[in-house]
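Summary of structural features
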Amino acid sequence: MKIKEAQTWAIKKLRESQIEQPEISASLLLAEILSVAKSYLMLNPDQLLTDNQEKKYRSWVLRRMKHEPVWYITKHVEFCDQDFVVNKNVLIPRPETEILIELILNQVKNKKLKIKSPMQILDVGTGSGAIILTLAKQFGDYSSNDSEKSSTNNSSHLSSNNKYYASDISDKALQIAKKNADNFNYRTKILFKKGNLFEPWENKKFDYVIANLPYVPSDKMSELSLDILNFEPKIALDGGKNGLEIYQTFLSQATDHLNKNGRIYCEIGDKQGPNMTKMAKQFFPKSQVEVIKDYGGFDRVISIQNS
Ligand SMILES: C[S@@+](CC[C@H](N)C(=O)[O-])C[C@H]1O[C@@H](n2cnc3c(N)ncnc32)[C@H](O)[C@@H]1O
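What counts, and where the lines are drawn
- Residues numbered from 1 in each chain as written.
- Predicted model: local features only at pLDDT ≥ 70, side-chain atom pairs only at ≥ 80, totals over all residues.
- Heavy atoms only, no water.
- Helix = DSSP H or I, 4+ residues; strand = E, 2+ residues; numbered from the N terminus.
- Expected span 1.5 Å × (residues − 1).
- Buried < 20%, exposed > 50% of the residue type's maximum accessible area, 1.4 Å probe, protein only.
- Contact = heavy atoms within 4.5 Å.
- Pairing = 2+ DSSP bridges.
- Axes fitted to C-alpha atoms, helices over the stretch in contact; angles between N-to-C directions.
- Left-handed = near helix turned anticlockwise from the far one by under 90°.
- Nonpolar A, V, L, I, M, F, W, Y, C, P; charged D, E, K, R; others polar.

Attention now goes to helix H2 (residues 22–34). A rise of 1.5 Å per residue sets the reference length of H2, with its 13 residues, at 18 Å; its end C-alpha atoms lie 18 Å apart and thus fit the reference within 8%. With respect to burial, H2 is a largely interior element, ten of its 13 residues being buried. Among all positions in H2, only Pro22, Ser25, Ala26, Ser27, Leu28, Leu29, Leu30, Ala31, Ile33 and Leu34 are buried. Looking at the buried side of H2, the elements it contacts are helix H1 (3–16), helix H3 (38–43), helix H4 (51–65) and helix H5 (70–74). At the exit of H2 stands Ser35, carrying a positive phi of roughly 55°.

Within a regular strand, the side chains alternate between the two sheet faces. In terms of residue burial, strand E6 (residues 206–211) counts as a mostly covered element, since six of its six residues are buried. Pairing of E6 with strand E7 (residues 258–267) involves five bridges; the strand directions are parallel. Pairing of Tyr208 across the sheet is with Arg263, part of E7.

At their nearest, the axes of H2 and H4 sit 10 Å apart, and the two run at 145° to each other. Relative to H4, H2 is oriented so that their crossing is right-handed. Along its contact with H2, which presents Ser25, Ala26, Leu29, Leu30, Glu32, Ile33 and Leu34, the element H4 presents Gln53, Lys56, Tyr57, Trp60, Val61 and Arg64. For the contact of H2 with H4, a count of residues per class yields eight nonpolar, two polar and three charged.

Even without glycine at this site, Gln21 takes up a positive phi of about 45°. By secondary structure assignment, the location of Gln21 is in the loop between H1 and H2. The backbone phi angle of Asp81 is positive, close to 65°, even though this residue is not glycine. Relative to the helices and strands, Asp81 is located in the loop between strand E1 (76–79) and strand E2 (82–85).

Shown next as structure tokens:
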């Protein structure tokens, strides 16, 4: 079978199974099997697949036809230009979450934060570790690339001496986060702990607390696409009644864990800004609260600055 024939077959099969954008899945899976970029497929339509490649492609397409996400099939995904291992025990890191990262990096770069260095940074509900590893890498990179600038303009937040912490209620998710940390060579830079919200961090305070906790309202879970509903972990998605139950407990505990001038950043659902702001004001009455929208104009991140 040639590349072009394999793709045509896969697209037809995926379309019959109502997979959205079948062309994308067909190309991603084939490119992964051949270890090439997607553009290679277009440039080499007549290349023949080996028997093993064809067999593997057919079995992967069959899995995709049952709505298994491409990234669980290939076992890795790109997030903020870095490769992360994923499996069914972790949420696949989303492009929306990159907004959270961008926001934090911009604020740090623009020195909008009055935090002493080194910073204590916690990621609650770390899943694959995408957030904490990206931040550790970015802060580390800035400090090595801009070390001269850092020392002269006093951008001390960019110091690679920052301390990184991450926790999750799921042991299996933590195993993946640790694997990713190994792949980044960051295993010793991040302290991972298992536990419910702030439980693992008794008596510990942080300058930055970042959380992308479950926020889908329980009664809306059944409206999720089959890719998500049948494959991604429910514990990573279901936010209880109105979607903000876990965040409510999180904020109530966060009051004991945030340093002066510290910040909390949470990813939220597209219409949850007002309710989340109300809750943030209840637990942090003197804080500055801001809802940041995504590129589609929907609520996406809430930032809370402690006074
Ligand atoms: C939406 S996923 C986010 C994963 C990752 N941070 C990301 O952005 O891709 C939520 C994560 O929170 C974890 N989680 C759910 N409830 C939790 C709780 N009560 N305490 C700690 N972690 C929790 C889940 O296991 C899951 O890994």
